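# Survey of secondary and tertiary structure
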Amino acid sequence: MSVAVVGAGPAGLMAAEVLAEAGIAVDVYDAMPSAGRKFLLAGIGGLNITHSEPAAAFLARYGDRAGALAPMLEAFGAEAVREWVHGLGIDTFVGSSGRVFPKEMKAAPLLRAWLHRLRGRGVRLHMRHRWLGWEAGGALAFDTPAGRTVRRHDAVVLALGGASWPRLGSDAAWVPWLAGRGIRIEPLAPANCGFEIDWSPHFRERYAGQPVRAVTLALSDERGEWRRGGEFVVSGYGVEGSLIYAASARLREGIARHGRAELRLDLAPGLGIERVAEELAWPRGSKSMANHLRARIKVDGAKAGLLREIVPAADFQDPARLAAWVKSLPLTLRAPRPLAEAISTAGGVAFDAMDEHGMLRALPGVFCAGEMLDWEAPTGGYLLTACLAGGRWSGQGAARWLARRNGA
C-alpha cells in the first residue's frame, strides 16, 4: 500500500508521519525546492507553536468552525503538540502572553529534526514536483525538472495550503481541479490581514510603521459586540498587527456586507471616561496639547496622532468631548489587503464535502487537510496547531480507509 501526500507543509508532513507509523509507504510531493517553506518564514521572528490557554477558550478561537475542528483538536490539541515537539528533542516554554515557543525561538531546528525522523521511517520526499491534477484513471500528474510525470498511489492526502504567500507554494491552483470534480469550495479570502484606511498624507508620512500599544479595540456587527485589548501597527495603507488580525474575520465580513467596517479604539483603557475628562480638564498652562495628553493620560506618539487625524480641532478645547473621543475613537476600514499579502486564508474545501475522517465524499481515497479547508483562526499558535491536528486526523483517516479496503 502506498499514499501520496501532496504538500510538504505542517499538515502534509504530519499526515505522512501518521501513515508511516502505520507501516504504509508514503511519498510526499511539493512544488517548492524544500519542505516547510512557509513554516520556516513564519518562524523567523520566533516560531509560535501553540497556545497554553484552557481548551475551551482555545477551541473558541476558531469561531464558526470550532465544531468541525473540535474532534481533531481534542485528539491532538495544544498539550499534545508540545509533547510532540519535545519528542523531536526540542524544548518549549510559555511566554508572558501564554503563547508557546521552542526554547531557541527558531523553526529550522524543529523542521530539521522532523524531516530526519520522517526519512528514518521511510518517507520519501519529492521536491520540485508541482501537482497538475489527475490523469484518467486517477493517477496524479506532476510537473518536475525532468518533465511531466505520472504517479499512482492507493490513496492521496491533499495538504496544499490556501492562497496566502503564493511565492512559497500556497497559490490555490488546486481550486479548479477539485471544483471540477464536484467538490464544494468556499471562496478564498484573506485572513489575519491588514486593512486599508484613507489616512491623510501628513499622518501617513509621520506615523507609518509606528506601533499603537495598550489599546482596546471594539466593534459591533450582526453577531454582537466584540472587544479585545492589545496592540497594532499603523501602516502606510492603514492598519495591521495582532489586534487587527484577531478581528479580521469580522472586519472582512462587515466590509463584504456594507462596503466598509468601523472599529472603535479605547486609547486609555485603564481609565474611565470621567477620570479621562478630569485629567484633561486640568490646567495645562504653557504646555502643548501633546505634552498635556502625554502627562495626564499617557496618550502620545501614534495614539496622539490618531486623535489629531480624526478629532475636530474644536473638540480639543472641550475636555468632556475629547474624553469621549479618547475612549471611543472610530476608524473606518474600506478594504482588506490582497489575499497574497495575508498571513492565512479563509474559505476552502467545505467540511460537508468530506466525511468524518477527512475523505472527500465525491472522491473515495482522497483526503484533505490543513489550510486548504474552510476554517480560519487568529495568530497565536492556533493556525499551526489546527494544521498539525488536521494533518494527523486525515492521515489516520487514510490509514483506516486503506485497512478497511484491504480487509484488515
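Residues numbered from 1 in each chain as written. Predicted model: local features only at pLDDT ≥ 70, side-chain atom pairs only at ≥ 80, totals over all residues. Heavy atoms only, no water.

## Some thoughts on the packing of helix α1 (residues 10-21) against helix α6 (residues 108-120)
Contact geometry for α1 and α6: axes closest at 10 Å, N-to-C directions at 35°. For the element pair α1 and α6, the recorded crossing hand is left-handed. Of α6, the residues touching α1 (which contributes P10, L13, M14, A16 and E17) are L111, W114, L115, R117 and L118. Class assignment for the residues of the contact of α1 with α6 results in 8 nonpolar, no polar and 2 charged. (Axes fitted to C-alpha atoms, helices over the stretch in contact; angles between N-to-C directions. Helix = DSSP H or I, 4+ residues; strand = E, 2+ residues; numbered from the N terminus. Left-handed = near helix turned anticlockwise from the far one by under 90°. Contact = heavy atoms within 4.5 Å. Nonpolar A, V, L, I, M, F, W, Y, C, P; charged D, E, K, R; others polar.)

## What about the pattern of salt bridges?
A pair can form between side chains of opposite charge whenever their charged atoms are brought close. Within the structure shown, the criterion is met by 27 salt bridges. Ionic pairing is found between R124 and D27, a salt bridge with its closest N-O pair at 2.8 Å. Placement of R124 in strand β6 (residues 124-126) and of D27 in strand β2 (residues 25-29) is noted, with a sequence separation of 97 residues between them. Overall, the relative accessible area of 39% leaves R124 in the partly exposed class. Judged by relative accessible area, D27 falls into the buried class, the value being 5%. Between R184 and E186 there is a salt bridge; the shortest N-O distance is 2.1 Å. Within the structure, one salt-bridge network assembled from shared partners comprises E196, D198, R334, R337 and E341. (Salt bridge = Lys/Arg side-chain N within 4 Å of Asp/Glu carboxyl O. Buried < 20%, exposed > 50% of the residue type's maximum accessible area, 1.4 Å probe, protein only.)

## Description of the pairing of β2
Within β2, 4 of the 5 residues are buried, leaving the element largely enclosed by the surrounding structure. In terms of strand pairing, strand β1 (residues 2-6) meets β2 through 5 bridges, oriented parallel. Bridge pairing links A4 to D27 in β2. For the crossover that starts at β1, traverses α1 and ends in the parallel β2, the hand is right-handed. Of the strand pairs in this sheet, β2 and β6 are connected by 3 bridges, and their pairing is parallel. In the sheet register, Y29 faces β6, and the bridge partner there is H126. (Pairing = 2+ DSSP bridges. Right-handed = clockwise from strand over helix to strand, strands pointing away.)

## What about unusual backbone geometry?
Residues apart from glycine generally show negative phi values, whereas peptide bonds are mostly found in trans. For M105, which is not a glycine, the phi torsion comes out positive at approximately 65°. For M105, the position within the fold is in the loop between β5 (99-102) and α6. According to the relative accessible area criterion, M105 is partly exposed, its value standing at 30%. We note that W165 has phi near 55°; this positive angle belongs to a residue other than glycine. Note that W165 resides in the loop between β10 (155-158) and α7 (174-179). The exposure class assigned to W165 is buried, which follows from its relative accessible area of 18%.

## Quick word on helix α10 (residues 248-258)
Of the residues making up α10, those classed as buried are S248, A249, R250, L251, R252, G254 and I255. The positive-phi residue at the C-terminal boundary of α10 is G259, with phi of around 85°.

## With respect to empty space enclosed by the protein
Applying the stated criterion across every chain, the model contains 1 cavity of 30 Å³ or more. For the largest cavity, the calculated volume is near 40 Å³. In terms of lining, the largest cavity is formed by P10, F39, L47, I49, W84, V85, L110, W114, L384 and L388. Put simply, the parts of the chain that give the lining of the largest cavity at least two residues each are α5 (78-87), α6 and α15 (382-405). Across the lining of the largest cavity, the residue classes break down as 10 nonpolar, no polar and no charged. (1 Å grid on protein atoms, 1.4 Å probe; cavity = no way out; pocket = protein on both sides within 12 Å on 5 of 7 lines; lining within 4 Å. Points joined across faces, edges and corners; volume = space filled by probe spheres on them.)

## With respect to the side chain of T216
Along the chain, T216 turns up in strand β13 (residues 211-221). Residue T216 is classed as buried on the basis of its relative accessible area of 14%. Setting aside residues up to four positions removed in sequence, T216 forms contacts with R227, R228, G229, R264, L265, D266 and P269.

## Looking at the packing of aromatic side chains
Applying the stated criterion across every chain yields a total of 11 aromatic pairs. Ring geometry for W84 versus W114: centroids 4.6 Å apart, planes at 80°, classification edge-to-face. Taken together, the residues span a long stretch of sequence, with W84 in helix α5 and W114 in helix α6 at a distance of 30 residues. Residue W84 shares its accessibility class with W114, and that shared class is buried. These aromatic residues form a ring-pair network of at least three members: F58, Y62, W375 and Y382. Taking NZ or CZ as reference, R308 lies 4.1 Å from the ring centre of F316, over its face. Taking NZ or CZ as reference, R337 lies 4.1 Å from the ring centre of Y237, over its face. (Phe/Tyr/Trp six-rings, centres within 6.5 Å; stacked < 30°, edge-to-face > 60°. Lys NZ or Arg CZ within 6 Å of the ring centre and 35° of its normal.)

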